[in-house]
Amino acid sequence: MSHPSGRSPRVLAAFLASSVLAGGNAVGVRFSNRELDPLWGASLRFGLAALLLLATMAALRLAIPRGRALSGALLYGLFNFGGAFALAYYGLIEVHAGFGQILLALVPLATLLLAVAHRQEHLRAEAVVGTVLALAGVALMSRAPLRESVPPLSLLALLGGALCFAEAAVLVRRFPPVHPVTMNAVGMATGATVLLLGSVLVGEALVPPERAVTWVALGYLVAVGSLVVFVLYVFVLRYWAASRAAYTFVLIPVVTVVLSAWLD
């Protein structure tokens, strides 16, 4: 169930801000992937973001969570950053950023079904219809990328990433609440570690970016697309049901498709 404070204008503003700012993430990943190997690029992004968040924790005197709260933060990092972004970065090597966001628009439906499975929410017909209509709207808006051929493995990777995002949102509400900065510091450090290990195992080149455009993309992904977006996202999850917060994945493609058409 949603928290009573979920009707606060601050929560709605955080939801809208995170959705708009996250719209540049898929485009940034596409530019990063043009120079950096995907898992290495993702681990570099979240490793740098985790360092900044740990510094913020120190400045705010926030403690590392313990017990079940720590378990929740670690699982959040494993699914939301390790699993979801490993699959998303891989999928976006071959897939247009706009089409990638269409597939991620499945997250609200997946989140609703997983929340029902975890007994956090009830299956409501209007919610199912709403998510299907939203997905259809996103697909219609992005009909140009749909004309492209999509490699099956890239398609499966992006669908797997959507499931990981959905499970992460449900897990955040299953465990004791953790400060959004702390949750993401622990989560991104966990995800960066998993991504780095995966990068080493598949033999990727662990080299720093050389192109200016890659640094610009990485800077956005770290400072805005990671720190700001996910701190706001976890803040919203403290007050809204997971399936409601997941509608951010329906709004994000609006920004992504415009940026993708312009830059990509």
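Residues numbered from 1 in each chain as written. Predicted model: local features only at pLDDT ≥ 70, side-chain atom pairs only at ≥ 80, totals over all residues. Heavy atoms only, no water.

Trainee: How would you summarise the overall build of the chain if you had to cite specific residues and measurements?
Mentor: Across its full length, the chain holds 12 helices and 0 strands. Taken from N to C terminus, the helices and strands of the chain fall in the order α-α-α-α-α-α-α-α-α-α-α-α. Here the contacts in the chain between residues at least 6 apart in sequence split such that 91% fall between residues at least 24 apart. Carbon and sulfur atoms make up 70% of the accessible area of the chain, which amounts to about 12,000 Å² in all. (Helix = DSSP H or I, 4+ residues; strand = E, 2+ residues; numbered from the N terminus. Contact = heavy atoms within 4.5 Å. Areas by Shrake-Rupley, 256 points an atom, 1.4 Å probe, with all protein chains shown as cover.)

Trainee: Break down helix α4 (residues 67-94) for me, with residues and values.
Mentor: Helix length check: α4 (28 residues) gives 41 Å between terminal C-alpha atoms against 40 Å at 1.5 Å per residue, within 8%. The largest bend in α4 is about 35 degrees, located at F85. (Expected span 1.5 Å × (residues − 1). Bend = angle between axes of the 7 residues up to and from the residue.)

Trainee: Kindly report on a nonpolar patch on the surface, identifying the contributing residues and their values.
Mentor: Taken together, the side chains of L48, L51, L54 and I64 present a nonpolar region at the surface, about 350 Å² in accessible area. Mapping L48 onto the fold places it in helix α3 (residues 38-60). (Patch = residues over 30% accessible without salt bridge, like charges linked within 9 Å, V, L, I, M, F, W, Y side chains within 5 Å. Salt bridge = Lys/Arg side-chain N within 4 Å of Asp/Glu carboxyl O.)

Trainee: Please set out the nonpolar core residue by residue, giving values where relevant.
Mentor: Within the largest apolar cluster, 68 residues are counted, with the highest numbers of intra-cluster contacts made by Y76, F85, M188 and F230. Take this core: its biggest share by element is 11 residues, from helix α10 (residues 212-237). (Core = buried A, V, L, I, M, F, W, Y, C linked by side-chain atoms within 4.5 Å. Buried < 20%, exposed > 50% of the residue type's maximum accessible area, 1.4 Å probe, protein only.)

Trainee: Give me the environment of V229: which residues, what numbers.
Mentor: Structurally, V229 is set in helix α10. Spatially, the C-alpha atoms of V229 and A22 are 6.1 Å apart, while their sequence positions differ by 207 residues. Apart from residues no more than four positions distant in its own chain, V229 is found in contact with S18, L21, A22 and V224.

Trainee: How would you explain the packing of helix α1 (residues 9-22) against α10 if you had to name every residue and give the values?
Mentor: Where α1 meets α10, the axes come as close as 9 Å, and the angle between the chain directions of the two elements is 150 degrees. On the basis of the axis angle, α1 is roughly antiparallel to α10. For the pair α1 and α10, the sense of crossing is left-handed. On α10, the residues that touch R10, V11, A14, F15, A17, S18, L21 and A22 of α1 are Y220, V224, V228, V229, L232, Y233, F235 and V236. Along the lines of polarity and charge, the residues of the contact of α1 with α10 split into 14 nonpolar, 1 polar and 1 charged. (Axes fitted to C-alpha atoms, helices over the stretch in contact; angles between N-to-C directions. Parallel < 35°, antiparallel > 145°, perpendicular 65-115°, else oblique. Left-handed = near helix turned anticlockwise from the far one by under 90°. Nonpolar A, V, L, I, M, F, W, Y, C, P; charged D, E, K, R; others polar.)

Trainee: Any details on the packing of aromatic side chains? Residues and values, ideally.
Mentor: Considering all chains together, one arrives at 13 aromatic pairs under this definition. Measuring from ring centre to ring centre gives 5.4 Å for Y76 and F81, while their planes differ by 85 degrees; the resulting arrangement is edge-to-face. A residue is classified by how much of its surface remains accessible, and Y76, at 0% relative accessible area, is buried. Judged by its relative accessible area of 0%, F81 falls in the buried class. Pairing Y233 with F249 gives two aromatic rings, centres 6.5 Å apart and planes at 90 degrees, and the pair type is edge-to-face. Of the two residues, Y233 sits in helix α10 while F249 sits in helix α12 (residues 248-263), which places them 16 residues apart along the sequence. Comparing Y233 with F249, the two get one shared label, buried. Sitting over the ring of F31, R34 keeps its end group 4.7 Å from the ring centre. (Phe/Tyr/Trp six-rings, centres within 6.5 Å; stacked < 30°, edge-to-face > 60°. Lys NZ or Arg CZ within 6 Å of the ring centre and 35° of its normal.)

Trainee: Could you give an account of α1, naming the residues involved and the relevant values?
Mentor: For α1, with 14 residues, the first-to-last C-alpha span of 20 Å sits near the 20 Å given by 1.5 Å per residue. Residues of α1 that are buried: V11, A14, F15, S18, S19 and A22. For α1, the arc enclosing every buried residue in end-on projection is 125 degrees, short of the 170-degree limit, so these residues lie on one face. Projecting away from the buried face of α1 at angles above 90 degrees are the exposed residues P9 and R10. (Arc of directions from axis to C-beta.)

Trainee: With reference to specific residues and values, describe the packing of α3 against α4.
Mentor: Here α3 crosses α4 at 135 degrees, and the two axes come no closer than 9 Å. The orientation of α3 with respect to α4, classified from their angle, is oblique. Between α3 and α4 lies a crossing of right-handed hand. Residue-level inspection shows P38, L39, G41, A42, R45 and F46 of α3 in contact with α4, the latter providing F81, F85, A86, Y89, Y90 and I93. Here the contact of α3 with α4 is composed, by residue class, of 10 nonpolar, 1 polar and 1 charged.

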